Amino acid sequence: MSQPTTRLDRVTGTVASIGYASGPLFILDGGDGAYAPSGDPAVETKRLRAALARSAAEIAELMAKSNDETAAILEFQIAMIEDDNLSDPAFAAITTGADAATAWTDALLAEVHGYEAAEDAYFAARSADLRDISNRVLRALSGATDRQPPPGAILHARDLTPTQFLSIDWKQGGGIALGAGSSASHVAMLARSRGVPMLVGTGPIAVATGDFVLLDAERGRLDILPDTEARHEFLKASTAHLHLVQAARSHLRDPAVTADGAPVEVLVNIAEPAEADTIDIATCDGIGLMRTEFLFRHGLPDEETQYAAYRRVIEWAAGKPVTIRTVDAGGDKPVPGYTVEETNPFLGLRGIRLSLSRPEIFRVQIRALLRASFTGNVKVMLPMISALSEYTAAMNLFREVSEELNAAGIPHDFPLIGIMVEVPAVAIHPEPFRDVAFFSIGSNDLAQYVMAAGRDNGAVAALNDVRHPAILSLIHHVANYGERYGIPVGLCGDAAGDPAAIPALIASGLRALSVSPAQLPLAKAAIARTRTTDSAE
Ligand code: PEP
Ligand code: MG
């Protein structure tokens, strides 16, 4: 690690996840060397064998640190690497003059295409595993490794994928500063839910791995090789922030009530069942959004895998509501073998549209949801609804599957089924949805669609503010409509946990907010400071 010097470089960025971190910088981009062929088939054969062995060992190492679900996927990958049927064509190509990297790429590509063409969706989804294996072996051939940042490092990259984020152990602290990125992206959401401080949009910065940095993800600064004065100021600000969080934590079990006495329901958003284990159920009113995309991360999950995941959260909730959203794949959340290639995926086959286009896959999730509903206080939420016909088609499928379960004598229950209000058409004109059990406003998508500003695009991130009068007026309209017709309305977008946005949301008439776990303390404290009569802007 470089020693701090008196030089101070400060870059600024947008806060995507509030907090402070200091430590060595770790640059994630780069590191993949190109393959240099030897020209000798015997050497190429030896190299490919070594790369296969090294890849299998890397995966076995990952397996040892994984949960059962992930371990099963990794086990499949090891079996593929060790399968001679997969590597024989590559070794044969080497004997006729191909280099190891080309021979391996060609052999794998042929196999990937075979899988992708498969009729069976579960089989087709395996092509993603093959691509993963292919890349890993190529990295092993070119001498590059899966480089992990040291514990507590501040990670810098142009952008980061959710999978890269999840492969890092954040329990040891650390933070993120991205050159590009957006605070509305899914990786930003993950950072907020894990409490990892994160800045986006710093632009390119002149740094080296190991440089000592101070990440101030409250005021949006990254100080590189800070001087004594900058360190002192950082310590003061981070300590003040810590005190604020600690004070808020000491009231965490108190019910959320505004300064003028209006109760506000505060629920939490989770993306994986394990996240619930970190939350004391007494500190919230249940789960306002359980995203189920995590289950589809490595392809299509079977009914039992889904059922087990839902059950785990239902048990944790001990009778409080658990709102499970049917899979919202597509957009920036592709699922290999399920989502389709589109030029404009945010406006394409996403969420409920995709589910309805693949009823055989949707039915598997519905069976798991109906069975899970029998075991607790489950609500189901449909994402990306834009037309009543979608809601009706989904309800029909739920009824059909329920009848099937009845006929088979399988215990199940019909949950309350509500919709996400995240497409402007529904927020502007909610009237067709009068019979829906509840509305949950998805402000992340509502904002991007109202402002025509992609949530994953840092260049237009400033436009994506829930406090824009156009968005607030829609929220107010939906809250009013719900109140008039007795339809519960909440908001589960990331703005719900943002202390700066909470007064405006309460002024818009909302009394139920679902926030990421790390935002609970400051969100409840913000509610306690707010008066319902405060102005929305
Ligand atoms: C939203 O759009 O606000 C939302 C909660 O859903 P997601 O962020 O998963 O699209
Ligand atoms: Mg959404």
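Residues numbered from 1 in each chain as written. Chains lettered and ligands numbered in written order. Predicted model: local features only at pLDDT ≥ 70, side-chain atom pairs only at ≥ 80, totals over all residues. Heavy atoms only, no water.

**Digging into the overall build of the protein chain**
At step 1: Check the secondary structure of the protein chain and you find 19 helices and 16 strands.
At step 2: Here the C-alpha radius of gyration of the protein chain, 25 Å, is about what a compact globule of 537 residues would show, namely 24 Å.
At step 3: Projected onto its principal axes, the C-alpha coordinates of the protein chain cover approximately 80 × 75 × 40 Å.
At step 4: The 537 residues of the protein chain split such that 52% are buried.
At step 5: When contacts within the protein chain are restricted to residue pairs at least 6 apart in sequence, those whose partners lie at least 24 apart make up 67%.
At step 6: Total accessible area computed for the protein chain in this model is approximately 23,000 Å², and 54% of it derives from carbon and sulfur atoms.
At step 7: In the protein chain, 45 positive and 66 negative side-chain charges are present, and the distance between their average locations comes to 6 Å. (Helix = DSSP H or I, 4+ residues; strand = E, 2+ residues; numbered from the N terminus. Rg over C-alpha atoms; globule rule 2.2 N^0.38 Å. Buried < 20%, exposed > 50% of the residue type's maximum accessible area, 1.4 Å probe, protein only. Contact = heavy atoms within 4.5 Å. Areas by Shrake-Rupley, 256 points an atom, 1.4 Å probe, with all protein chains shown as cover. Lys, Arg positive; Asp, Glu negative; His and termini not counted. Charge placed at Lys NZ, Arg CZ, Asp CG, Glu CD.)

**What to know about the sheet that holds strand 4 (residues 154-157)**
At step 1: Sheet architecture is open: eight strands sit in the order 1-8-7-3-4-5-6-2, paired in mixed fashion. At either margin of the open sheet sits one strand with a lone partner, and together these are strand 1 (9-12) and strand 2 (14-17). On average, adjacent strands in this sheet sit at an angle of 30° to one another, irrespective of strand direction.
At step 2: Both strand 3 (residues 19-27) and strand 4 contribute to a ladder of three bridges, which runs parallel. When the sheet's bridge partners are listed, Ile 27 is paired in strand 4 with His 156.
At step 3: Against the sheet, helix 8 (residues 186-194) engages strand 2 and strand 6 (198-200), with an angle of about 60° to strand 2.
At step 4: Along the sheet, helix 9 (residues 228-250) contacts strand 1, strand 3, strand 7 (212-217) and strand 8 (221-224); its crossing angle with strand 3, the most-contacted strand, is approximately 130°. (Pairing = 2+ DSSP bridges. Axes fitted to C-alpha atoms, helices over the stretch in contact; angles between N-to-C directions.)

**Notes on the nonpolar core**
At step 1: Tyr 310, Ile 419, Phe 439, Ile 475 and Leu 513 are the most contacted members of the largest nonpolar core, which totals 86 residues.
At step 2: Here this core spans two domains, and each of domain 3 (265-421) and domain 4 (426-435 + 442-537) adds at least three residues to it.
At step 3: Not counting chain neighbours up to four residues away, the residues in contact with Leu 513 comprise Val 264, Glu 265, Val 266, Leu 267, Leu 491, Ala 496, Ile 502, Leu 505 and Ile 527.
At step 4: Core analysis: the next-biggest nonpolar cluster, separate from the first, contains 27 residues, Tyr 35, Ala 56, Leu 130 and Leu 141 among them. (Core = buried A, V, L, I, M, F, W, Y, C linked by side-chain atoms within 4.5 Å. Domains from an automatic or database assignment.)

**Examining the domain arrangement of the protein chain**
At step 1: Once the domains are mapped, the protein chain shows domain 1 (9-28 + 147-234), domain 2 (41-142), domain 3 (265-421) and domain 4 (426-435 + 442-537).
At step 2: Just the C-alpha atoms count here: the centres of domain 1 and domain 4 sit 27 Å apart.
At step 3: Each partner contributes to the interface: domain 1 provides ten residues, whereas domain 4 provides eleven residues.
At step 4: One can count one salt bridge joining domain 1 with domain 4.
At step 5: In this structure, the salt-bridge partner of Arg 192 is Asp 494, at a minimum N-O distance of 2.4 Å.
At step 6: Remark: the boundary between domain 1 and domain 4 carries two residue pairs in polar contact (both at pLDDT 80 or more).
At step 7: Its residues assigned to classes, the side of domain 1 that touches domain 4 comprises two nonpolar, six polar and two charged. (Salt bridge = Lys/Arg side-chain N within 4 Å of Asp/Glu carboxyl O. Polar contact = N/O pair within 3.5 Å; in protein donor to acceptor, adjacent residues only side chain to side chain. Nonpolar A, V, L, I, M, F, W, Y, C, P; charged D, E, K, R; others polar.)

**Quick word on the site of ligand 1**
At step 1: Around ligand 1 sit 17 residues in total, of which Arg 291, Arg 325, Asn 444, Asp 445 and Arg 455 are the nearest.
At step 2: Here an oxygen atom of ligand 1 sits 3.1 Å away from a polar atom, N or O, in the main chain of Ser 443.
At step 3: Among the elements that take part in the shell around ligand 1, helix 16 (residues 443-451) stands out by supplying three residues, more than any other.
At step 4: A breakdown of the residues in the shell around ligand 1 according to their chemical character gives four nonpolar, five polar and eight charged.
At step 5: Both domain 3 (265-421) and domain 4 (426-435 + 442-537) contribute no fewer than three residues apiece to the shell around ligand 1. (Near = heavy atom within 4 Å.)

**Considering the coordination of the magnesium ion (ligand 2)**
At step 1: Summarising the metal site, the magnesium ion (ligand 2) is bound by the protein donors Glu 422 (OE) and Asp 445 (OD), whose distances to it range over 2.0 to 2.1 Å. Note that Glu 422 is positioned in the loop between strand 13 (416-421) and helix 15 (424-428) and Asp 445 in helix 16, a separation of 23 residues in sequence. Asp 445 carries the same exposure label as Glu 422, and that label is buried. (Donors = N, O, S within 2.8 Å, 3.2 Å for Na, K, Ca; no water.)

**Comments concerning the pattern of salt bridges**
Side-chain pairing between opposite charges can occur once the charged atoms of the two side chains come close.
At step 1: Taken as a whole, this structure holds 29 salt bridges when the rule is applied.
At step 2: Arg 221 is paired through a salt bridge with Glu 233; the nearest N and O atoms lie 3.0 Å apart. With Arg 221 in strand 8 and Glu 233 in helix 9, this pair connects stretches of sequence that are twelve residues apart.
At step 3: On the basis of relative accessibility, which here comes to 32%, the residue Glu 233 falls in the partly exposed class.
At step 4: Residues joined in a network through salt bridges with shared partners are Glu 293, Arg 325, Asp 328, Lys 333, Arg 350, Asp 445 and Arg 455.

**Here we look at the packing of helix 13 (residues 359-373) against helix 14 (residues 388-407)**
At step 1: Interhelical geometry of helix 13 versus helix 14 gives an angle of 65° and a closest axis separation of 9 Å. Of the two possible hands of crossing, helix 13 and helix 14 adopt the one that is right-handed. Only Ala 394, Leu 397, Phe 398, Glu 400, Val 401, Ser 402, Glu 404 and Leu 405 of helix 14 make contact with helix 13, whose side of the interface consists of Pro 359, Phe 362, Arg 363, Ile 366, Arg 367, Leu 369, Leu 370 and Arg 371.
At step 2: Residues belonging to the contact of helix 13 with helix 14 are distributed by class as follows: ten nonpolar, one polar and five charged. (Left-handed = near helix turned anticlockwise from the far one by under 90°.)

**Considerations on the packing of helix 11 (residues 303-317) against helix 13**
At step 1: Put simply, helix 11 and helix 13 touch, their axes get as near as 9 Å, and they point 35° apart. Crossing angle aside, the handedness with which helix 11 passes helix 13 is right-handed. Here Glu 303, Glu 304, Gln 306, Tyr 307, Tyr 310 and Ile 314 of helix 11 come into contact with helix 13, specifically with Val 364, Gln 365, Arg 367, Ala 368, Leu 369, Arg 371 and Ala 372.
At step 2: For the contact of helix 11 with helix 13, a count of residues per class yields seven nonpolar, two polar and four charged.

**A word on the packing of aromatic side chains**
At step 1: The final tally for this structure, using the stated rule, is seven aromatic pairs.
At step 2: On the basis of an interplanar angle of 75° and a centroid distance of 6.3 Å, the ring pair of Phe 398 and Phe 414 is categorised as edge-to-face. Taken as a pair, Phe 398 in helix 14 and Phe 414 in the loop between helix 14 and strand 13 lie far apart in primary sequence, 16 residues in all.
At step 3: By relative accessible area, Phe 398 is classed as buried at 0%. (Phe/Tyr/Trp six-rings, centres within 6.5 Å; stacked < 30°, edge-to-face > 60°.)

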